[in-house]
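# Working through the structure, step by step
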Amino acid sequence: MLIFCKHCGLLLPAHETVCPRCGTPAPRPSAPPVRTPLYESAAPQPPKEGPRYDSPAAEPRSPMGLAGYFGSLILFAIPLVGLIFMLIWSISDRVRPERRRLAQAYLIRTVIFSALLLVAALVFSAIMSSVAYRMVYYPYYF
Ligand SMILES: [Zn+2]
C-alpha cells in the first residue's frame, strides 16, 4: 500500500511514521485518511462539545465558572456600564471565548430589546399625541 505525505506529497515507505523530508506524521494505513476529517467536520461532534468531568484535562477548557457567568450577567444589567462591557468583550475578548459569546448574545438581545422598546415608545407617543390632538380640537368625540 502506497502512502503519500499529506504535507509535501513525498512517497513514504510503509514502515515510516514520520515523513523523512518535512517531518509531518504519516497517515496511518489502518485509518481512512480522507473520510475521517470530512466526517468529523460534518458531524455535530456531541462528545467533544460540552464539559467532560471524567478527565481532569478537560477542566482548564472552561475557565469561566459559574461565578464569572453570573458576575458578567450582573455587570450587563447595569445600564450604561454593562453596555460598554458588552461591546468591549464581544469584540476583543480573546482570553475567554465563552465570555465573548455571552457578551455577543447579550449585546444582540439588548439591541433587539431596545429597538422594540423604541418602536413601542414611538407608537405610544403617536397614539397619545393624536388622542391629545383630538381632545383639544374635537372634544365632542369624548
Ligand atoms: Zn513530507
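Rules used throughout
- Residues numbered from 1 in each chain as written.
- Predicted model: local features only at pLDDT ≥ 70, side-chain atom pairs only at ≥ 80, totals over all residues.
- Axes fitted to C-alpha atoms, helices over the stretch in contact; angles between N-to-C directions.
- Helix = DSSP H or I, 4+ residues; strand = E, 2+ residues; numbered from the N terminus.
- Parallel < 35°, antiparallel > 145°, perpendicular 65-115°, else oblique.
- Left-handed = near helix turned anticlockwise from the far one by under 90°.
- Contact = placed C-beta atoms within 7 Å.
- Nonpolar A, V, L, I, M, F, W, Y, C, P; charged D, E, K, R; others polar.
- Core = buried A, V, L, I, M, F, W, Y, C linked by C-beta atoms within 7 Å.
- Buried ≥ 20, exposed ≤ 12 C-beta atoms within 10 Å, placed from the backbone.
- pLDDT = per-residue confidence, 0-100.

It is at 8 Å that the axes of helix α3 (residues 79-92) and helix α4 (residues 97-137) come closest, and there the two elements cross at 130 degrees. Looking at the two axes, α3 sits oblique to α4. As α3 packs across α4, the resulting crossing turns out to be left-handed. Contact with α3, carried on its side by L83, M86, L87, W89 and S90, involves R99, R100, A103, Q104, Y106, L107 and T110 of α4 and no other residues of that element. A breakdown of the residues in the contact of α3 with α4 according to their chemical character gives seven nonpolar, three polar and two charged.

What follows covers the nonpolar core. Core analysis: the biggest nonpolar cluster contains six residues, these being F76, M86, W89, L102, A103 and Y106. Counting residues per element, the ones that place at least two in this core are α3 and α4. Per element, the largest residue contribution to this core is three residues, and it comes from α4. Those residues in contact with M86, other than ones at most four positions away along the chain, are F76, A103, Y106, L107 and T110.

Right, let's get into the packing of helix α2 (residues 66-77) against α3. Contact geometry of α2 with α3 gives a least axis separation of 6 Å together with a crossing angle of 125 degrees. By the criterion of interaxial angle, the relationship of α2 to α3 is oblique. Two secondary-structure elements touch here, α2 through L75, F76 and A77 and α3 through G82, F85 and M86. Per-class residue counts for the contact of α2 with α3 are five nonpolar, one polar and no charged.

Quick look at the environment of L11 now. Examined against the element boundaries, L11 turns out to sit in strand β2 (residues 11-12). With sequence-adjacent residues up to four places away left out, L11 is seen in contact with L2 and F4.

For the chain, per-residue confidence averages 77 on the pLDDT scale, and 73% of positions sit at 70 or higher. Mean pLDDT in the chain bottoms out at helix α1 (residues 35-42), which sits at 51, and peaks at α4, which reaches 89.

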